[in-house]
Amino acid sequence: MTDVTTLPREEETSAEESCARAPVGLLAELTHRCPLQCPYCSNPVDLERVNTELSTEEWQSVMRQAAELGILQIHLSGGEPTARRDLEAIIETAAEVGLYTNLITAGVLLTKERLAKLQEAGLDHVQLSIQDVDPENADRIGAYKGGAKKKHEVAKWVRELDMPLTVNAPLHRQNIDNLPAIIDYAVEVGAGRLEVAHIQYYAWALKNRAALMPTEEAFSKTVEIVKEAKERLKGILVIDFVVPDYYAKYPKPCMGGWGRGIINVTPSGRVLPCHASESLPGLQFDNVKERPLADIWLNGQAFEIYRGTDWMKEPCKSCPRKEIDFGGCRCQAYALTGDATNTDPACSLSPLHENWAKVAQEESHKAAPEFVYRRMGKTQVTVNK
Ligand code: SF4
Ligand code: FES
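Note that the coordinates shown come from a computational prediction; the quantities given were computed from them, not determined experimentally.

Draft legend 1. Structural view of the overall build of the chain. If you tally the helices and strands in the chain, you get 14 helices and eleven strands. A compact globule built from 385 residues would reach a C-alpha radius of gyration of about 21 Å, and the chain, at 20 Å, matches this within 12%. Projected onto its principal axes, the C-alpha positions of the chain cover 55 × 55 × 45 Å. Expressed as a percentage of the 385 residues in the chain, the buried residues total 45%. For the chain, restricting intrachain contacts to residue pairs at least 6 apart in sequence, the fraction spanning at least 24 positions comes to 72%.

Draft legend 2. Just the site of ligand 1, in detail. Looking at ligand 1, there are 14 residues lining it, with Cys316, Cys319, Arg321, Cys347 and Leu349 nearest. Of the residues in the shell around ligand 1, the class split is seven nonpolar, three polar and four charged.

Draft legend 3. Structural detail: the sheet that holds strand S1 (residues 25-29). Here nine strands make up an open sheet; going across it, the order is S7-S6-S5-S4-S3-S2-S1-S8-S9 and the pairing mixed. The sheet is open, and its two borders are formed by strand S7 (238-242) and strand S9 (271-272), each paired with just one other strand. Note that S1 and strand S2 (residues 73-77) share five bridges and pair parallel. Each residue of the ladder has a partner; that of Leu27, found in S2, is His75. Against the sheet, helix H1 (residues 56-69) makes contact with S1, S2 and strand S8 (262-265), and its axis sits at roughly 175° relative to S1, the strand it touches most. Against the sheet, helix H9 (residues 216-232) makes contact with strand S5 (165-171), strand S6 (193-198) and S7, and its axis sits at roughly 160° relative to S7, the strand it touches most.

Draft legend 4. Highlighting the nonpolar core. If you look at the biggest cluster of nonpolar residues, it comprises 94 residues, and the most contacted ones within it are Ala28, Ala66, Val167 and Leu293. The residues touching Val167, leaving out its near neighbours within four places in the chain, are Leu128, Ile130, Ala155, Ala186, Val189, Ala191 and Leu194.

Draft legend 5. Representation of the confidence of the model for the chain within the structure. Residues at a pLDDT of 70 or more form 92% of the chain, whose mean pLDDT is 90. In this model, residues 1-19 is a region of pLDDT below 50 whose contacts with residues beyond four sequence positions or in other chains number 35 contacts.

Draft legend 6. Region of interest: the packing of helix H4 (residues 135-142) against helix H5 (residues 147-160). It is at 7 Å that the axes of H4 and H5 come closest, and there the two elements cross at 105°. Comparing the axis directions of H4 and H5 gives the class roughly perpendicular. Only Gly147, Ala148 and Lys149 of H5 make contact with H4, whose side of the interface consists of Pro135, Ala138, Asp139 and Gly142. Taken together, the residues of the contact of H4 with H5 break down into three nonpolar, two polar and two charged.

Draft legend 7. Focus on the pairing of S5. Taking burial as the measure, the seven residues of S5 include six buried ones, the bulk of the element. One ladder, built from six bridges, connects S5 with S6; its direction is parallel. In the strand pairing of S6, Asn168 is matched with Glu195. For the segment spanning S5, helix H6 (residues 179-188) and S6, crossover handedness is right-handed.

Draft legend 8. Molecular detail of the environment of Lys289. Positionally, Lys289 belongs in the loop between S9 and helix H10 (293-299). Expressed as a C-alpha distance, the spacing of Lys289 and Arg21, which sit 268 residues apart in the sequence, is 23 Å. Those residues in contact with Lys289 that sit more than four places away from it in its chain are Glu58 and Gly269.

Draft legend 9. Expanded view of H6. For H6, the set of buried residues is Ile182, Ile183, Tyr185 and Ala186. Mapping the buried residues of H6 onto a view down its axis gives an arc of 155°, with all of them on the same face. Against S5, S6 and H9 lie the buried residues of H6. Following H6 by one or two positions, Gly190 has its phi on the positive side, about 85°.

Rules of the game
- Residues numbered from 1 in each chain as written.
- Chains lettered and ligands numbered in written order.
- Predicted model: local features only at pLDDT ≥ 70, side-chain atom pairs only at ≥ 80, totals over all residues.
- Helix = DSSP H or I, 4+ residues; strand = E, 2+ residues; numbered from the N terminus.
- Rg over C-alpha atoms; globule rule 2.2 N^0.38 Å.
- Buried ≥ 20, exposed ≤ 12 C-beta atoms within 10 Å, placed from the backbone.
- Contact = placed C-beta atoms within 7 Å.
- Near = placed C-beta within 6 Å.
- Nonpolar A, V, L, I, M, F, W, Y, C, P; charged D, E, K, R; others polar.
- Pairing = 2+ DSSP bridges.
- Axes fitted to C-alpha atoms, helices over the stretch in contact; angles between N-to-C directions.
- Core = buried A, V, L, I, M, F, W, Y, C linked by C-beta atoms within 7 Å.
- pLDDT = per-residue confidence, 0-100.
- Parallel < 35°, antiparallel > 145°, perpendicular 65-115°, else oblique.
- Right-handed = clockwise from strand over helix to strand, strands pointing away.
- Arc of directions from axis to C-beta.

Laid out in structure tokens, this is it:
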């Protein structure tokens, strides 16, 4: 096996060398359990059950292996990671082996005491998701009564404990008009960073695309609002802005390129190149219970298959951007074209782009349909306002 401690990092390698590079981050999906039901959830359509989740010791082993592999950051995610009672123990191990820990949370299960305990265990950073600044609309979107009020409290606790805070605000047609207020909210709660991420339409979000898709005009307005706010809030708030693929000219390099910088571990220990990759056919996923993390990263079939650029077809194959965006998103290419090796239709050079972009124009100008919500084990439809 390659000595993982000497692997170079992303900026030191080309796409061809990417098989021998250390990943930067590991997304640890500690559980798929979640009290909210966001209609744009990026977890797979089929969620993993609680009785299949890795044990405390198994997650601690993942943390140790991640550090050995050269990973720098652990993103503790879900579902809702605070639903795990052993979160403190997992964080403690991660901190012991020198990993930077980021808790990605909806916040609603936290108390200030628990947050203090997590900090004591070594938690470095909190990323809190919000659905909207209008409490009624926020609670409707997440299907969780009282959620918005609780999140506001959690944001304040994070700052009272002097921890760095990022507010994450997924943006779509049912909260897009509140973007200026969302920016004010982030400043008011003392966040150092705000992620304004237009919804990406994979997994559950694809089921709700028509209910979530903003018009191109509304999207363009958000570009201007963010530009102005970035300038005005220099030194106070960093704003990360993710545009919707449907209105972009080129796709984004999904996951920073397949198998280049990120590893995703599911609640049951399956190791994925991206959170949605289980939707693709022909991939063999290894489990941390059966194979060392480093070996999976370096040699796992699911990582090798779309790593680098050799797998590409035209127009990507001869495109000067192929090492910039890596052909876009494999999961989106498969979901929309039936072939994961096709160019992501988000790219204006894809022969399918025009028809695909039309869908967004059409859907966004029709009345929004009801959200399709889900619960573990059942799909639930709730009426929009
Ligand atoms: Fe990117 Fe492929 Fe489009 Fe070129 S053709 S811009 S590599 S997605
Ligand atoms: Fe899987 Fe983009 S979501 S590659």
